[in-house]
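Chain residues, written in single-letter form:
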Amino acid sequence: MEIDRPTDLATALEALRQAPDATLLAGGTDLMVEINFGHRRPEHVIALRRVNELQEVDGTIGAGVTWARLEEGPHRALAQAARTVGSPQIRAAGTIGGNLGTASPAGDGLPFLVALDAEIELRSAAGSRRLRWDEFLTGPKLTALQPGELIHSVVLPEEIPARQEFGKVGVRNAMVISAVMACVVRYEDGRTRVAVGSAGPTTLRMGRAEEMISAEADPSAAALSEFQRLVSEEVRPITDHRSTESYRRHAAGVIARRLLERCLR
Ligand SMILES: Cc1cc2nc3c(=O)[nH]c(=O)nc-3n(C[C@H](O)[C@H](O)[C@H](O)COP(=O)(O)OP(=O)(O)OC[C@H]3O[C@@H](n4cnc5c(N)ncnc54)[C@H](O)[C@@H]3O)c2cc1C
């Protein structure tokens, strides 16, 4: 196996230009599992860990920023999500870029990005492009990343509401992949955004629930119940080894309502 270990972005992009189909390695917490199970056998790996430009958190969040750093970051819901990822060892190695690269519907970093309509900046030797989250995440474990491109950073909007909450439901409290998780954000003018993961082919936005609750300046108990019902109706979960379709549907509504209630306090 050939391995490149660039220490700057230009060298990484040049390596990718020469080997557009090379496999990118960040923390390796997803990739090494796939290699260990024999699901992937890369011939050429470009390790991004030492590329400083991917570690920056300054308006944008560099793809190489680890969960351990996000735990301490300024975005409450993203920090909440980061704290739920794996163990301290996984959080020290795993990155937001790797979570996006894997594009699992169970990726805990994704609901925050989806709720805020974040953009993903991709770079190649030929230039850069920005895709909105729903242009980037094209299906379960599928993205719009093209050969020769890497994820450079996540670009968040300028307006980020202080009221933001993330929550996750799993079979136990720690070291668990979500059965369902969600992020709710509420702006001062009442606009509310809800993103739910592990409940569809990609992380999903709950458009009808958002529209209904955004019109409520001071939601009553009946409005909260209707919000919960709409979320349960809008998700598109499946039954798999982690949970059932019906439990996920129920849990999505419950968790979204609880997160909204916390935002309203
Ligand atoms: C024990 C364990 C527990 C876990 N728990 C959780 C959990 O609770 N929640 C959760 O969401 N995930 C969990 N994961 C999965 C994993 O830790 C995360 O998805 C993590 O964010 C992956 O990041 P990484 O840097 O390790 O990615 P890597 O494994 O290095 O890469 C993952 C994929 O992304 C691609 N990639 C990486 N960086 C880039 C880039 N800059 N540009 C383009 N493509 C790129 C790689 O080629 C690969 O396809 C767990 C994994 C393990 C082993």
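Everything that follows concerns the structure shown earlier in this document.
Residues numbered from 1 in each chain as written. Predicted model: local features only at pLDDT ≥ 70, side-chain atom pairs only at ≥ 80, totals over all residues. Heavy atoms only, no water.

Colleague: Just checking my understanding: could you explain the packing of aromatic side chains for this structure?
Modeller: How two aromatic rings sit relative to each other is given by the distance of their centres and the angle of their planes. Inspection of every chain in the model, using the stated rule, returns zero aromatic pairs. Lying over the aromatic face of Tyr187, Arg191 brings its terminal NZ or CZ to 4.1 Å of the ring centre. (Phe/Tyr/Trp six-rings, centres within 6.5 Å; stacked < 30°, edge-to-face > 60°. Lys NZ or Arg CZ within 6 Å of the ring centre and 35° of its normal.)

Colleague: Mind showing me how you'd approach the pattern of salt bridges here?
Modeller: When their charged atoms lie close together, side chains carrying opposite charge are able to pair. On inspection of all chains with the given rule, the structure shows 22 salt bridges. For Asp117, the salt bridge goes to Arg132, with nearest N and O atoms at 3.6 Å. One end of the pair, Asp117, is in the loop between helix 7 (110-115) and strand 6 (119-124); the other, Arg132, is in strand 7 (residues 127-132), with 15 residues separating them in the sequence. We classify Asp117 as partly exposed; its relative accessible area is 28%. In this structure, Arg249 and Glu245 form a salt bridge, with 2.8 Å as the shortest nitrogen-oxygen distance. Of this pair, Arg249 and Glu245 are both found in helix 11 (residues 245-264), four residues apart, which corresponds to roughly one turn of the helix. Judged by relative accessible area, which is 25%, Arg249 ranks as partly exposed. Judged by relative accessible area, which is 27%, Glu245 ranks as partly exposed. Look at the salt bridges and you will find they share partners, linking Asp117, Arg132, Asp134, Arg205 and Glu210 into a network. (Salt bridge = Lys/Arg side-chain N within 4 Å of Asp/Glu carboxyl O. Helix = DSSP H or I, 4+ residues; strand = E, 2+ residues; numbered from the N terminus. Buried < 20%, exposed > 50% of the residue type's maximum accessible area, 1.4 Å probe, protein only.)

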